[in-house]
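The lines below spell out each chain.
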Amino acid sequence: MSEQDLEVSGRVWVFGHGLTTDDMYPPDAMKLDLPEAAKQVFYAVRPGWTSEVRHGDIVVAGRNFGLGSSRPVAALFRQLGVAALIAEEFNSLFFRNAVNAGLPAMTVPDATSVFRDGDIAAIDLATGTWANQSTHTSGTVPVLPSLVLEIIANGGVLPRLAQQGYLPAELAELLSSPSVAAAGQGSGA
């Protein structure tokens, strides 16, 4: 595991509290192929957001982020190029789906007060540090368990299994794709 894989910085998009998986992945989008479904992320909350988000951006949200079903939203974020998630509180199933998809996620108290749209955030999961590089605000949070860090650093649970020899090694790159991560999580319906 490389600590470099656990360090992320990027432009911030701030969303509010209580965002459900329905808000992120509307039921109608579940009928679409992953690239088309990804264009529907946050459509009801912030129409047009997916045309503005860039590779390397970070989503920041409030409390109860990801309530609802086990829809493979983390794979949609990866398809859009989102580099990491920061929230004041994650739904545990949603957080685990992010880990399984290899999407770095960090819980930061008061994140929606600390960050504003367009700020530059930096997180380091290996040390539990976070910073708003635009305002020079920073802090620390508890470090995630080593197994969780290993899964994220390896690009998700399936690529980690390939790297450990439980799945064919030649499939490691394919297994890290958002499409495979979405299929591995099921429809969540």
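Everything quoted here is computed from the prediction, not taken from an experiment. (Residues numbered from 1 in each chain as written. Predicted model: local features only at pLDDT ≥ 70, side-chain atom pairs only at ≥ 80, totals over all residues. Heavy atoms only, no water.)

Attention now moves to the overall build of the chain. Secondary structure assignment for the chain yields 10 helices and seven strands. Looking at the 189 residues of the chain, the share that counts as buried comes to 49%. In the chain, the proportion of contacts linking residues at least 24 apart, taken out of those at least 6 apart, comes to 65%. For the chain, the accessible area works out to roughly 8,600 Å², and carbon and sulfur atoms hold 51% of it. (Helix = DSSP H or I, 4+ residues; strand = E, 2+ residues; numbered from the N terminus. Buried < 20%, exposed > 50% of the residue type's maximum accessible area, 1.4 Å probe, protein only. Contact = heavy atoms within 4.5 Å. Areas by Shrake-Rupley, 256 points an atom, 1.4 Å probe, with all protein chains shown as cover.)

With that settled, consider the side chain of Glu88. Relative to the assigned elements, Glu88 resides in the loop between β3 (84–87) and α5 (92–100). Among the residues examined, Glu88 registers a relative accessible area of 14% and is labelled buried. One polar contact links the side chain of Glu88 to the main-chain amide nitrogen of Ala111, over a distance of 3.3 Å. Not counting residues within four places of it along the chain, the set of residues in contact with Glu88 comprises His17, Ala61, Gly62, Arg63, Thr107, Val108, Pro109, Asp110, Ala111, Thr112 and Ser113. (Polar contact = N/O pair within 3.5 Å; in protein donor to acceptor, adjacent residues only side chain to side chain.)

Our focus in this paragraph is the pairing of strand β7 (residues 137–140). Strand direction decides the pairing type here: strand β6 (residues 129–132) and β7, joined by four bridges, are antiparallel. By the bridge assignment for β7, Asn132 is matched with Thr137. Where β6 folds back onto β7 in an antiparallel hairpin, the turn is made up of four residues, including His136, whose phi is positive at roughly 60°. (Pairing = 2+ DSSP bridges.)

The subject of this paragraph is the packing of α5 against helix α7 (residues 146–153). Taken N-terminus to C-terminus, the directions of α5 and α7 make an angle of 50°; their axes are 8 Å apart at the nearest point. Between α5 and α7, the angle falls in the class oblique. Along the contact surface, α5 presents Arg96, Val99 and Asn100, while α7 presents Val148, Ile151 and Ile152. Taken together, the residues of the contact of α5 with α7 break down into four nonpolar, one polar and one charged. (Axes fitted to C-alpha atoms, helices over the stretch in contact; angles between N-to-C directions. Parallel < 35°, antiparallel > 145°, perpendicular 65-115°, else oblique. Nonpolar A, V, L, I, M, F, W, Y, C, P; charged D, E, K, R; others polar.)

Now for the packing of aromatic side chains. Counted by the stated rule, this structure contains 10 aromatic pairs. Pairing Phe42 with Trp49 gives two aromatic rings, centres 5.2 Å apart and planes at 75°, and the pair type is edge-to-face. The exposure class of Trp49 is buried, given its relative accessible area of 1%. Of the aromatic side chains, those joined through ring pairs into one cluster are Trp13, Phe15, Phe42, Trp49 and Phe77. Residue placement shows Arg46 over the ring face of Phe15; its charged tip is 4.4 Å from the ring centre. (Phe/Tyr/Trp six-rings, centres within 6.5 Å; stacked < 30°, edge-to-face > 60°. Lys NZ or Arg CZ within 6 Å of the ring centre and 35° of its normal.)

Among the nonpolar cores identified, the biggest contains 56 residues, and Phe42, Trp49, Phe65, Phe77, Leu85 and Phe115 are the most heavily contacted of them. When residues no more than four places from it in sequence are discounted, the contact partners of Phe115 are Val12, Val14, Val60, Ile86, Ala121, Trp130, Ala131 and Asn132. (Core = buried A, V, L, I, M, F, W, Y, C linked by side-chain atoms within 4.5 Å.)

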